[in-house]
Amino acid sequence: MNIDNRPKPPSQQKLAEKLIILNERAQGLLTRLHYSKQSCGEERTRPPCLTDKTFDNVVKTITNKFPKLDKAQSSIQSMNLSNSIKNDMRQHLQVHYNTFVDILELKEYVMELLTNISVEAMSFDIRINFSLTANFLDILCRYVKMIILLGKHENVKAIIGIYNIIYDQSCGEADPSRDIHRLGNLIESCDTPLKKLVDEILPLSLRVGLALKSLHNLHNEKNLHINEMRDHSVYKLISQNGLSAEPVVAPDPGCKMISLDKLNEWILYGYLVCPSQLNSSDQKAWKNALSDSYIVTLFRDEVVNIHDMYIEVFERYKGHRKLIQMVQEAAISFAKNTPLKHQGRRNYLRLMLSEMINIVTSSPGLIAPKLLLLLDAMSAATGEVLWLVRNFDFDWKKCKVKVSSDNFSDPLIAQLLHGIDSLSRLIKNYHPIIKRYFLQYLKQSDCIELRHIIQNFPAPEEESLLLTSFIDKLGVLDITNLEADEDFKPLRIDWQRLQAYTNVSQSQLQLKQHEGLAVCMNTIEYHSRCVDSMDILLKEVTDLSNLCFYQKIILDSFQKCLERSDTAPYSVVYAGVCSHFINTCNDYCPEEHCFIGKKSIDLANNFLDMTAREAQRYLELYCLERIEMHMNTHPSFGAQLMAEARNNKEREAKKERPALPIPLPGAESKKSKLEDMTQMEKNFAKMVSHLQALNTLPNLVVWQHTFAPREYIIHYLDELFNRLISQHIFQEGGQQIQLPSIMSHRLVGIMDVFRQLESYITLDTSRIFTISLLQHTQPQENSPGPTLASQYTIWYLDKLEEHIKSGEVCFAPLRKCFVRKHQMAPNFNAELYTNIAELQALAKMLGPYGIKYMGEQLMERCERQVHEMLSIVQENKELLIQLRACTMDQFPTGALSKSLKRHDQFMASCILVGALLNFRRLTLAALKTVVAKRAPFLQNCILDFKTNIRPDVDPSIPDEIASAAGFEVDADPVLCAAIQKHCANPASETLWMLFNVMVAVTLPLQSLDINSVYRTPIEGHENNLHCVSTAVTWLSSCVYTNLVRSGLEKEPLQVILKERMREFVEKVSERMLKLQLEDDKELQKEIKQRDSLFILLEKMVRDSNYITYDMLENNFPFTILRNSYRAVYENKKKKQQKIENEI
């Protein structure tokens, strides 16, 4: 006999290695084939030649005449395509064409391998040689799927035909590496794939039958009803004896981790191509699989109606009428019983997974000994999820079976996904413990048992070498060094080799006769995978990557999950599922990596964003109601209750029907039943459930991108906090701003609600408050929305300026606030908004930054008025120069009032500036009080720095710091900056001296105004004339400070200010005395407020640090001042007596 024709020994055939390699290659080509089918099915990704209408006839001709291409070749040649167009077409089609060629090549390798397996009469038993049997069934099923999926590719003939024609025309000859005839035969056979597959697998049917027969008992163990699962306590960690650390062991650990869905796939595809193996003893498992699955996954979202395919196969052969009847009965059983059966399983698995999570969370040491049970439960749950999604997506209206998609709807599916994800994360987190446990198991138990089994073991040389290598590997394990990376992959591959060597007919050592060795090695294989391949193991039992292709279903399920309070805490698990999507990618098809990765990132981001947005929505509803409840604790609500009680008494006296009572605080807590929930409580429950969902995972990794779920809610909390503040700034109607004290009270209510969130989610609300409230102290242009600082600044300054100009509001130095005159300004209650308490509440809200911003805006308005006044001074410059040099006799009061241009407008601007500066003084005083309460040590440091300034330090620096802390300084830095441009040239000094002259000569003219009366209750003039003192004092200090700092004044600041104030006092006293000695009798009658005007001189002394009483006494007799004070207070008494007499 020829030596070359002798059969090779199993070690040289490398059956195990081929099974591993071809399985991987088959999976890769399935991915490429699916990608080709999907891309050719979408308009935007199809090759141009399939979308171009000029190629429609060519495509039809190729499809109808395939594999004959003569007619199509002449049609393409008649188009006279350029070489560049041909090259582009060939490049677009080459990827798809190469996929079909690779499938043809794989088909030949697979059939060669299966033929060798048949020739060697290899036996398969899932419980003995698990890895070998599983790989054999996988390669068989993947080959069947590939052929069926290739037959579903509508454009395969057109792609092959056009590519070959274009290649021939562009290169001048056929591609020698392409065999169009063999490829054409393959594509033609795919028109009837089942007939082709049954004929090809027929010689292997005995081997396939043995493998499928070994699945029957395992299928019966997995395919249990919920009542059977309860009776047998399936997946229970707690036994009748309680919780124990006894390890869960099984003679076939690999079988435990196989899901029922996977078993159904093996059985149904296996018997589909080997119908001859369906004898009477095998029909139970097959019928149960048919009853459990009406549709079976082909690849990803591609499914096939397995019942119709079986009927097609059975109808082709005679004597299978009984089997056809069984298929029809299985379809009826599926429609009637299977949805409820799976629903019961899911309910049971939900409970078991929840119990497992609670137990292993409290006792992490149980994870390792109970790991097999955990993996078994996770695998079953994963199979249930995939079964549910696959059946829910199927169009049941087109089937003969009367089933509704509603039968496959499960609103609690999120809880099942959460159980899978949580257990998976727990196993990953505690992998060091698991690794230590199983390393000790391998070293101290498995190695000893294996050594005992193979002692005096009759094994051939090659098998003996493999067994010895197993013991050597396990014997040298270092169980003390957990950081060492143990690699058991060679051991597992050697075990698969040994399975291949010992399961062929010619082997001297038959593994099925030594089950003890098989059990021991299967256990070692499982334990080794727990050490070095935990991620791969978890991927196999929890792989949900197919959900990537059921995006619509996942989104609908997520929406339903958010709507229910009992499932909302698990909503983030949908984002966790997105991390599985990348598992569907394959190195054989790199084109779809980026697409699937981006899709998973977008979906995860969408899920987290929607969850956070829902939490924000319910939080806003809850917060609005809590704010109203919080406002019931404000004194204003008590005043409202008192007013209501008084009105009811008046109604009772008039025998009128009393008004409906206002609900008292706490009335909302009264319930007739504890189960009854108010709308606020419902919103609170939903809010908490969404927050708990975001608190489930600290981080989430999806395609090398790390998501932090809590950051999503923090972003929305920032947005909500700012929006709630903005909503409550104005009162109802939007015309009147909230009182600062009420706004501060509302703000406290909002912050209380936000602080409550810390009980349900790990976040730092103080960080939110710090950032948001700091933004609200800034101008509006620095914030995404209106801020407290901008709104209160605009409203306060607009209202003050408007009502001061109209004379409706005046500043009351005695009360330190602005007051209304005769209730003439109903839209602006000045006393209420500018009293000390409200301004302190305002300073507390806005802080130093906000008060500084308000001061800057106030000074801008003052600067506009200063500019106007300086323009008037410029118009009267010549007259003012004369007035500065002359005496009072040269310009009588009557003539002066006619000679000065726009003196009334000048004085009105000066009064407005003084009033605004008084408001600035009030806000600084309020800020000083607030800072003293909140940071007394800091305020003392600032005061010490301001008081004990060194000579070499620029005085503007401590002035700015002190002003920011609420201290009033001689030269306000904000005002100095505002009027700096008016002090920038040498002519400015003269202009400002004339400004003082203008004030001095126009001030006495205000005695002609009846509104210049001095009101003793407020210690001020009715037309705010007393504010001129503040304007002159502040402007003089700031002007000459700027002039000295800019070098336009050489003398020291104190000296020049005293000199200028002395000149001012002299001039104003001179004009005041002129009023006392006026010769014009008619003018004397018009001067009615002389006494009120004289009092203003004394106020200037009190306001200015550079005017003394001695200086005033030298120019203006103090006797006149005393008489003036007596006169105004006597007038007050006369008015009071007159009112009493009238009463």
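Since the structure is predicted, the reported quantities are computational estimates derived from the model, not experimental observations.

1. Focus: the overall build of the protein chain
So, point 1. When you go through the protein chain residue by residue, the secondary structure sums to 49 helices and eight strands.
So, point 2. At 47 Å, the protein chain has a C-alpha radius of gyration far larger than the 32 Å of a compact globule built from 1143 residues.
So, point 3. Across its three principal axes, the protein chain shows a C-alpha extent of roughly 155 × 80 × 70 Å.
So, point 4. At a minimum sequence separation of 6, the contacts of the protein chain that also span at least 24 residues come to 79%.
So, point 5. Taking the 133 positively charged and 139 negatively charged side chains of the protein chain as two groups, their mean positions are separated by 4 Å.

2. Some points on the pairing of strand β1 (residues 295–299)
So, point 1. For β1, the buried fraction is high: five of the five residues fall into the buried class.
So, point 2. Sheet analysis places β1 next to strand β2 (residues 302–305), joined by four bridges and oriented antiparallel. Within β2, the residue paired with T297 across the bridge is V303.
So, point 3. The antiparallel hairpin formed by β1 and β2 contains two residues in its connecting segment, where R300 sits at a positive phi of about 55°.

3. Quick word on empty space enclosed by the protein
So, point 1. In total, this model carries six cavities of 30 Å³ or more according to the counting rule given.
So, point 2. Forming the walls of the largest cavity are 17 residues, and the residues nearest its centre are L388, D410, I413, I553 and S557.
So, point 3. Listing elements by their share of the lining of the largest cavity, those giving two or more residues are α19 (371–393), α20 (413–429) and α26 (551–563).
So, point 4. Looking at the lining of the largest cavity element by element, the count peaks at five residues for α26.
So, point 5. Its residues assigned to classes, the lining of the largest cavity comprises twelve nonpolar, two polar and three charged.
So, point 6. Put simply, the second largest cavity is a space of about 100 Å³.
So, point 7. Every residue lining the second largest cavity is counted, 14 residues in all, and those nearest its centre are V248, V249, F438, Y526 and H527.

4. Focus: the packing of helix α28 (residues 593–631) against helix α31 (residues 709–727)
So, point 1. Interhelical geometry of α28 versus α31 gives an angle of 35° and a closest axis separation of 9 Å. For the pair α28 and α31, the sense of crossing is right-handed. Counted together, N605, L608, D609, A612, R613, A615, Q616, L619, E620, C623 and L624 of α28 and P709, Y712, I713, Y716, L717, E719, L720, R723, L724 and Q727 of α31 form the full contact between these two elements.
So, point 2. Within the contact of α28 with α31, the residues separate by chemical class into 13 nonpolar, three polar and five charged.

5. Re a nonpolar patch on the surface
So, point 1. On the surface, a nonpolar cluster with roughly 230 Å² of combined accessible area is contributed by F945, I957 and I961.
So, point 2. Mapped onto the fold, I961 is located in helix α41 (residues 956–964).

6. Observations regarding the nonpolar core
So, point 1. Y235, L375, L450, Y574, I713, F754 and F818 are the most contacted members of the largest nonpolar core, which has 254 residues in total.
So, point 2. If you tally residues by element for this core, the top one is helix α36 (residues 836–875), at 16 residues.
So, point 3. With residues near it in sequence (within four places) discarded, L375 still touches M257, I427, Y526, L537, L538 and V541.
So, point 4. In terms of nonpolar packing, the next biggest core, distinct from the first, is built from 103 residues, L15, V58, F130 and I311 among them.

7. Re the state of the cysteines
So, point 1. Taken as a whole and judged by the stated rule, the model has zero disulfides.
So, point 2. C520 provides the cysteine sulfur closest to C530, a residue in no disulfide bond, and the two sulfurs are 15 Å apart.
So, point 3. Of all cysteine sulfurs, the one in C976 lies closest to C983, which takes part in no disulfide; the gap is 8.3 Å.

8. Concerning the side chain of T1041
So, point 1. With respect to the helices, strands and loops of the structure, T1041 is situated in helix α44 (residues 1027–1046).
So, point 2. The class for T1041 is buried, based on a relative accessible area of 5%.
So, point 3. Residue contacts for T1041: discarding those within four places in its chain leaves A971 and L1053.

9. Examining the packing of aromatic side chains
So, point 1. Under the counting rule described, the total for this entry stands at 34 aromatic pairs.
So, point 2. Ring plane angle 55° and centroid distance 5.2 Å describe the contact between F811 and F818, whose orientation is recorded as tilted. In this pair, the class of F811 matches that of F818, namely buried.
So, point 3. Above the face of the F488 ring, K473 is positioned so that its terminal group lies 5.3 Å from the ring centre.

10. Section: the confidence of the model for the protein chain
So, point 1. Averaged over all residues, the pLDDT of the protein chain equals 85, while 91% of them reach at least 70.
So, point 2. Confidence, read as mean pLDDT per element, is least for helix α46 (residues 1081–1086) in the protein chain (47) and greatest for α20 (94).
So, point 3. Contacts from residues 1–5, a stretch scored under 50 in pLDDT, to residues over four places away or in other chains number one contact.
So, point 4. Under a pLDDT of 50 for its full length, residues 1079–1086 has, in the predicted model, eleven contacts with residues more than four places off or in other chains.

11. Quick word on the packing of α28 against helix α30 (residues 679–694)
So, point 1. Between α28 and α30, the shortest axis-to-axis distance is 8 Å and the interhelical angle comes to 145°. Remark: the crossing between α28 and α30 carries left-handed chirality. Note on element contacts: α30 touches α28 through Q679, M680, N683, F684, K686, M687, H690, L691, A693 and L694, opposite L608, T611, A612, E614, A615, Y618, L619, L621, Y622, E625, R626 and M629.
So, point 2. Its residues assigned to classes, the contact of α28 with α30 comprises 14 nonpolar, four polar and four charged.

12. Structural notes on the environment of W992
So, point 1. Considering the arrangement of structural elements, one finds W992 in helix α43 (residues 987–1002).
So, point 2. When the C-alpha atoms of W992 and L1035 are compared, they prove to be 9.4 Å apart, with 43 residues separating the residues in sequence.
So, point 3. Not counting chain neighbours up to four residues away, the residues in contact with W992 comprise V866, L870, H982, C983, V1039 and Y1040.

13. Digging into the pattern of salt bridges
So, point 1. Enumeration according to the criterion identifies 55 salt bridges in this entry.
So, point 2. Close ionic contact of E302 with K37 constitutes a salt bridge, the shortest N to O distance being 2.9 Å. A residue pair is termed long-range when its members are at least 10 positions apart, and E302 in strand β2 and K37 in helix α2 (residues 15–41) qualify at 265 residues.
So, point 3. By relative accessible area, E302 is classed as buried at 12%.
So, point 4. Between E592 and R300 there is a salt bridge; the shortest N-O distance is 2.5 Å. Taken together, the positions of E592 in the loop between α27 (573–577) and α28 and R300 in the loop between β1 and β2 put the pair 292 residues apart, joining distant regions of the chain.

So, how was this worked out
Residues numbered from 1 in each chain as written. Predicted model: local features only at pLDDT ≥ 70, side-chain atom pairs only at ≥ 80, totals over all residues. Heavy atoms only, no water. Helix = DSSP H or I, 4+ residues; strand = E, 2+ residues; numbered from the N terminus. Rg over C-alpha atoms; globule rule 2.2 N^0.38 Å. Contact = heavy atoms within 4.5 Å. Lys, Arg positive; Asp, Glu negative; His and termini not counted. Charge placed at Lys NZ, Arg CZ, Asp CG, Glu CD. Buried < 20%, exposed > 50% of the residue type's maximum accessible area, 1.4 Å probe, protein only. Pairing = 2+ DSSP bridges. 1 Å grid on protein atoms, 1.4 Å probe; cavity = no way out; pocket = protein on both sides within 12 Å on 5 of 7 lines; lining within 4 Å. Points joined across faces, edges and corners; volume = space filled by probe spheres on them. Nonpolar A, V, L, I, M, F, W, Y, C, P; charged D, E, K, R; others polar. Axes fitted to C-alpha atoms, helices over the stretch in contact; angles between N-to-C directions. Left-handed = near helix turned anticlockwise from the far one by under 90°. Patch = residues over 30% accessible without salt bridge, like charges linked within 9 Å, V, L, I, M, F, W, Y side chains within 5 Å. Areas by Shrake-Rupley, 256 points an atom, 1.4 Å probe, with all protein chains shown as cover. Salt bridge = Lys/Arg side-chain N within 4 Å of Asp/Glu carboxyl O. Core = buried A, V, L, I, M, F, W, Y, C linked by side-chain atoms within 4.5 Å. Disulfide = S-S within 2.5 Å. Phe/Tyr/Trp six-rings, centres within 6.5 Å; stacked < 30°, edge-to-face > 60°. Lys NZ or Arg CZ within 6 Å of the ring centre and 35° of its normal. pLDDT = per-residue confidence, 0-100.

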